[in-house]
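The residues making up each chain are set out below.
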Amino acid sequence: MTLLDETQIKEVVRERYGALARESATATADDCCATDCCGSDGEDDVVATFYDATSTDGLPAEALAASAGCGNPHAIGTLQPGETVVDFGSGGGIDCFIAAKAVGETGRVIGIDMTEDMIDLARSNASKLGLGYVEFHLAEMEDTPLDNDSTDAIISNCVINLVPDKDLVFAEAFRILRPGGRLMVSDLVRVAEIPQEEAEDTDNWVSCLAGTEMKDVYLGRIRDAGFTDIQIVSDTPWKSQVDWRAGIHSMNIKAFKPAAN
């Protein structure tokens, strides 16, 4: 087995999450969550694990079924009415729709995803909900179509670990945030190294394990992008694993772009 290069990683991720989107498009209320993707081993209901019923009440089954997170970025901080919020790796739109409830019609919610099937699914879900102030763009997190200093908050749920070059993601987040804006991320982060053969396993990439980085490295990338006041709001082991996966934790992280002088 050889280590996947950046292009191969993105192709594999796009293919697997595109399949998830197509499956979720026909979901019913009895369907729960993704398998073989971030956030699920086929046994746990991602939505029930990380979200309270009030926040997801009324959301389309298709959005819930496409959820493949490892946390809840909304639990990190409170979004305010009228704010502009960007979701990096928006998938079927669950976090965008929850954000929409918080910012209201005077706000704006923008989802960014590199998988066309996910964008199609999210737009369909937004149409069902009648949310004209929620929009979705087909783009990579490293290169969004958004203006400098145009966003109050960026949320992301278990997606940055899938990106080979995380420095570009955090640099882009810093670019589009307004001074004083905040980054609120739920992601999987290592507290111990993983075996090389596991890091080279394609299935471990799409399930958000192989792309994880050591905590100091991950936080260092956020700091190097220019963010300050970096906080680990919560840090819990990723499920009850007794093998090499025990060294992977789910972390909620908040950081700020310095305010203008």
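Located above this text is the structure these notes cover.
Reading the values: rules and limits
- Note that residues are indexed from 1 along each chain, following the sequence as it is written.
- Totals for whole chains, interfaces and linings use all residues, but because this is a predicted model, local features are given only for residues with pLDDT of at least 70 and pairs of side-chain atoms are given and counted only at 80 or more.
- Computation of side-chain values: all heavy atoms of the structure, hydrogens and water removed.
- Numbering of helices and strands runs from the N terminus; a helix is a DSSP stretch of H or I covering at least four residues, while a strand is a stretch of E covering at least two.
- With C-alpha atoms as the basis for the radius of gyration, the globule rule is written as 2.2 Å multiplied by the number of residues raised to the power 0.38.
- Throughout, exposure labels follow a simple rule: accessible area from a 1.4 Å probe, protein chains only, divided by the maximum for the residue type, with under 20% read as buried, over 50% as exposed, and the rest as partly exposed.
- Contacts are assigned to residue pairs with any non-hydrogen atoms lying within 4.5 Å of each other.
- Exposure was quantified through the Shrake-Rupley algorithm and a 1.4 Å probe, taking into account, for residues, occlusion by the shown protein chains and nothing else.
- We count a salt bridge whenever a side-chain nitrogen from Lys or Arg sits within 4 Å of a carboxyl oxygen from Asp or Glu.
- Pairs of N or O atoms within 3.5 Å make up the polar contacts considered here, provided that, within protein, one atom can donate a hydrogen while the other can accept it, and that residues adjacent in sequence are counted only when both atoms are side-chain atoms.
- Any two strands with at least two DSSP-identified bridges between them are counted as paired.
- Fitted lines through C-alpha atoms give the axes, limited to the stretch in contact for helices. The angle between two N-to-C directions lies from 0 to 180 degrees.

Visitor: I would appreciate a short explanation of the overall build of the chain in the present structure.
Guide: When you go through the chain residue by residue, the secondary structure sums to 10 helices and seven strands. In summary, the chain has a C-alpha radius of gyration of 17 Å against a globular reference of 18 Å for 261 residues, a match within 12%. Based on the C-alpha atoms only, the size of the chain along its principal axes is roughly 50 × 50 × 30 Å. Burial status across the chain gives 56% buried among its 261 residues. The long-range fraction of contacts in the chain, counting pairs at least 24 apart against all pairs at least 6 apart in sequence, stands at 75%. Carbon and sulfur atoms make up 47% of the accessible area of the chain, which amounts to about 11,100 Å² in all.

Visitor: Got a minute to help me understand the pattern of salt bridges in this structure?
Guide: For side chains of opposite charge, pairing can occur when their charged atoms come near one another. A complete count under the given rule lists 16 salt bridges for this structure. Two residues, K128 and E62, come together in a salt bridge whose shortest N-O distance is 2.6 Å. Placement of K128 in helix α6 (residues 116-129) and of E62 in helix α4 (residues 61-65) is noted, with a sequence separation of 66 residues between them. Residue E62 is classed as buried on the basis of its relative accessible area of 13%. The salt bridge involving E213 is made with R221; its shortest N-O contact spans 2.8 Å. Look at the salt bridges and you will find they share partners, linking E6, K10, R14, E140 and E142 into a network.

Visitor: Before we go on, may I ask you to explain the environment of T106 in this structure?
Guide: Checked against the element boundaries, T106 lands in the loop between α5 (94-103) and β2 (108-113). The exposed category is assigned to T106, whose relative accessible area is 65%. Contacts of T106, omitting those with residues within four sequence positions, involve P81 and G82. Here the side chain of T106 touches G82 through a polar contact of 3.3 Å, landing on its backbone nitrogen.

Visitor: What exactly am I supposed to notice about the sheet that holds strand β3 (residues 134-138) here?
Guide: Think of a sheet as strands paired side by side through backbone hydrogen bonds, with each pair either parallel or antiparallel. Pairing within the open sheet is mixed, and its seven strands lie in the order β3-β2-β1-β4-β5-β7-β6. Of all the strands in the sheet, just β3 and β6 (228-237) have a single pairing partner and so form its edges. With direction set aside, neighbouring strand axes in the sheet form an average angle of 15 degrees. In this sheet, strand β4 (residues 151-157) lies alongside strand β1 (residues 84-88) in parallel orientation, the contact comprising four bridges. What sits directly across from V85, in β4, is A153. Relative to β3, α6 is tilted by about 170 degrees, and along the sheet it contacts β2 and β3. Strands in contact with helix α7 (residues 166-176) are β1, β4 and β5 (177-190); relative to β5, the strand with the most contacts, it is inclined by about 155 degrees.

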